[in-house]
Every structure is written in C-alpha cells, then in structure tokens.
Amino acid sequence: MLEPALLPTPLVDCTDEAYTRAGVELRLKRDDLLHPTVPGNKWRKLAPNLAAAVEQGHTRLLTFGGAYSTHLRAVAAAAGALGLESVGLVRGEELAGRPRNWSLRAAEAAGMRLEFLTRAEYREATGRAEGEHGTDALLRRWGPCLVLPEGGSNALAAVGAAAIPAELPGLGERDVVCCPVGTGGTLAGIAAGLPAGARALGVAVLRGGEGYLEAEVTRLHRAAYGRGFDNWRIDHAHHGGGYGRVPAELAAFAERFERRHGIPLERRYVAKLLAALADLTAAGAFPRGTRLTAVVTGLPDPR
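Taken as a whole, this structure holds five aromatic pairs when the rule is applied. Where F64 meets Y122, the ring centres are 6.2 Å apart and the plane angle is 90°; that geometry is what we call edge-to-face. Here Y122 lies in helix α5 (residues 119–126) and F64 lies in strand β3 (residues 60–65), a separation of 58 residues in the sequence. For the residue pair F64 and Y122, the accessibility class agrees, reading buried in each case. When the ring of Y225 is compared with that of F229, the centres are 5.7 Å apart and the planes differ by 85°; the resulting orientation is edge-to-face. F229 sits in the buried class, given a relative accessible area of 15%. For R91, the ring lying beneath its charged end belongs to Y122, and the centroid distance is 5.2 Å. Its end group placed over the ring of F229, R227 keeps NZ or CZ at 3.9 Å from the ring centre.

All right, on to the packing of helix α3 (residues 70–81) against helix α4 (residues 102–109) then. Working note: a packed helix pair is described by the angle between its axes plus the distance between those axes. Running from N to C, α3 and α4 point in directions that differ by 20°, and their axes come no closer than 8 Å. The pairing of α3 with α4 is recorded here as roughly parallel in orientation. Seen from above, α3 lies across α4 with left-handed handedness. Residues L72, R73 and A76 of α3 lie in contact with α4, whose contacting residues are W102, S103, L104, A106 and A107.

Ordered in space as β1-β2-β10-β7-β8-β9, the six strands form an open sheet in which the pairing is mixed. Edge positions in the sheet fall to β1 (11–13) and β9 (232–235), since each has one partner strand and no second. For this sheet, the mean angle separating the axes of adjacent strands, direction not counted, is 25°. With five bridges joining them, strand β2 (residues 25–29) and strand β10 (residues 291–295) adopt parallel strand pairing. Bridged to R27 within β10 is T293. Sitting on the sheet, helix α10 (residues 212–225) is in contact with β7 (175–181), β8 (199–204) and β9, with an inclination near 150° to β9.

Quick look at unusual backbone geometry now. Here L7 and P8 are connected by a cis peptide whose omega angle stands at -5°. Position of P8 relative to the elements: it lies in the segment before β1.

Let us now look at the nonpolar core. L28, L274, L277 and L292 are the most contacted members of the largest nonpolar core, which totals 28 residues. Mapped onto this core, the elements with two or more residues apiece are β2, β7, β8, α11 (248–261), α12 (267–282) and β10. In terms of residue count, α12 provides more of this core than any other element does, eight residues in total. Ranked by size, the runner-up nonpolar core spans 26 residues in total, among them V38, L50, M112 and L148.

Take the side chain of K29 next. Of note, K29 is situated in strand β2. Apart from the residues lying within four places of it in its own chain, the contact partners of K29 are P8, T9, P10, L11, R44, E167, L168, T293, A294, V295 and V296.

With that settled, consider α11. Here α11 contains 14 residues, and its C-alpha end-to-end distance of 20 Å stays within 8% of the 20 Å for a straight helix at 1.5 Å per residue. Of the residues making up α11, those classed as buried are L250, F253, A254, F257 and E258. End-on, the buried residues of α11 take up no more than an arc of 135°, which puts them together on one face. Among the exposed residues of α11, those pointing more than 90 degrees away from its buried face are A248, E249, R259 and R260. Buried residues along α11 sit against β2 and α12. Positioned one or two residues after α11, G262 has a phi angle of 70°, which is positive.

The rules behind each value
Residues numbered from 1 in each chain as written. Predicted model: local features only at pLDDT ≥ 70, side-chain atom pairs only at ≥ 80, totals over all residues. Heavy atoms only, no water. Phe/Tyr/Trp six-rings, centres within 6.5 Å; stacked < 30°, edge-to-face > 60°. Helix = DSSP H or I, 4+ residues; strand = E, 2+ residues; numbered from the N terminus. Buried < 20%, exposed > 50% of the residue type's maximum accessible area, 1.4 Å probe, protein only. Lys NZ or Arg CZ within 6 Å of the ring centre and 35° of its normal. Axes fitted to C-alpha atoms, helices over the stretch in contact; angles between N-to-C directions. Parallel < 35°, antiparallel > 145°, perpendicular 65-115°, else oblique. Left-handed = near helix turned anticlockwise from the far one by under 90°. Contact = heavy atoms within 4.5 Å. Pairing = 2+ DSSP bridges. Core = buried A, V, L, I, M, F, W, Y, C linked by side-chain atoms within 4.5 Å. Expected span 1.5 Å × (residues − 1). Arc of directions from axis to C-beta.

As structure tokens, this is what we get:
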C-alpha cells in the first residue's frame, strides 16, 4: 500500500539580505517533504498516472532514466507499494556489468527490473529519434505495460503538477512561481494552475535545451488542456554546464544556503533553481515587490 502524501506541503519564508535589498520576497514550497519514497514533483506527476494504471488494469509499468534517475527510483517504489511490476530502461549499456550505484540499487531493491541500453537504443526507445514514444515497439519487446515517458512528464503529470498553485493562497500579479526544468511537466502544470496575473519561471537544468524545452511545455499544455498558456518562460543560463553537472561554484552556493537556512538542497535541480533566482535578483530581473515561490522538487542525494 502506498503511504499517503503530506498535503499541502509546507510553505516557508526564506529571509535573505540580498533579496531584501532588492525588494523581493523569497519563499520555499517544500515539496521535498511530500512523500517518504516518492518525493516532490515525482509524486505530483506519478499520482494521476498510477491511478490510471490501476483503473485500466495494468500490472506492469515501464519507464526510462539515467544512472541516477530519481524518476526510476520513484516509479520502482510506487509500483512496488501498489503490487505492480516495473521495468526501467537505463541509458548506458556500459553500466550493466558494473556494480550498481546507490540509485540503481534502490530501484532494484524496490522490485524494478533494469535493462541497460546503448544511447542509440535509448533514444529510439524513448522515441526522440522519431518525435514519438514508440509505444507499439516497446509493447512488442517488453510485453503489456503502461509506458511512462522519461521524467514522467505527460498530460496526466501536468494536471498533477497543476495542484501546486492551488496550495499557494493569495497568488496575484506580484507572484512568480519557480521550478527547475528537466522534462517540462512540472512547469507545464504550474503555469496551467496559476490564477490570472501570476507567472511561472522555469530554470533549465540541461544544456542546449533552448527551443526544445519550450516546445515540450507547449506540447504538454495542448495534450492536457487543449490550448497554450502565455504566463511562463524558461531561463537557460543557469544549467551549470549540463544535465547532472554540479560545478564547484554551484556546490559552494548550495553549502552556503544550507548553512544559512538549515534546509538541505538537492544539487542537480534545486540548487540550480535557487542559484538562478539569486543571480537574477542581484541583476534586477524582478521588479521591487515581486514575491518568488521556489518549488523544492526533490531530496538531496545520500552522502
């Protein structure tokens, strides 16, 4: 049985002199505390997909991820708790013969069957080469299953993430709700759930995503809501060198933030988001009176 989520997640004011000088407020939406095994935006995106899987009578979930994918671990934990099988297609065939890292060990411990693919096979399996998910081919190879896209971002996931603004009372024209962007589902949901006047800001965590990520968010909006939204944008200048990269200056920023505020930061997504907001605030990108709400989408890796 899947444990219930902590909803609504805590909303914490984050007092900082740099923001105060700029006339900007910062608060943290602590979605990292949402669920013990399916934390943060993974629960938001997976919950409606899991409900659909059970309703439709699926017994197996299949999805995709890299060597340290939080999504793979979350799907494995959720599927195991619900009595479903899970298959994870992992990018990197060279990993098959190596000792499992902590993340892949956790996925396997929760019952996930891991299959390691070459990067070309992975691109084909996720459908990036064709611009589609290639579901028929996956079903022929892996058997009957519900296929969840990389990162879990689909129309149902966007609807799940749209609940975040509903937990933020009093949103209006001075508000910007912010999140990191890997596959676009969380940003799509936040933007769709905002009231008139409020805006959404995503911070890309991968290099070279200009245009592609915008197209993904737009695609998710049309798939989930049948229309686009014009209340969001993506910052591409704070990816830290690429997906999974944590340069020394970003690590130092995260350590300072943790010491100052007592909140542990996940490095590959959340630290990039907060570093971007600090840089943008210092550069005067937000008018005085702006209230920033940063969604803490996940937990730090174990140390």
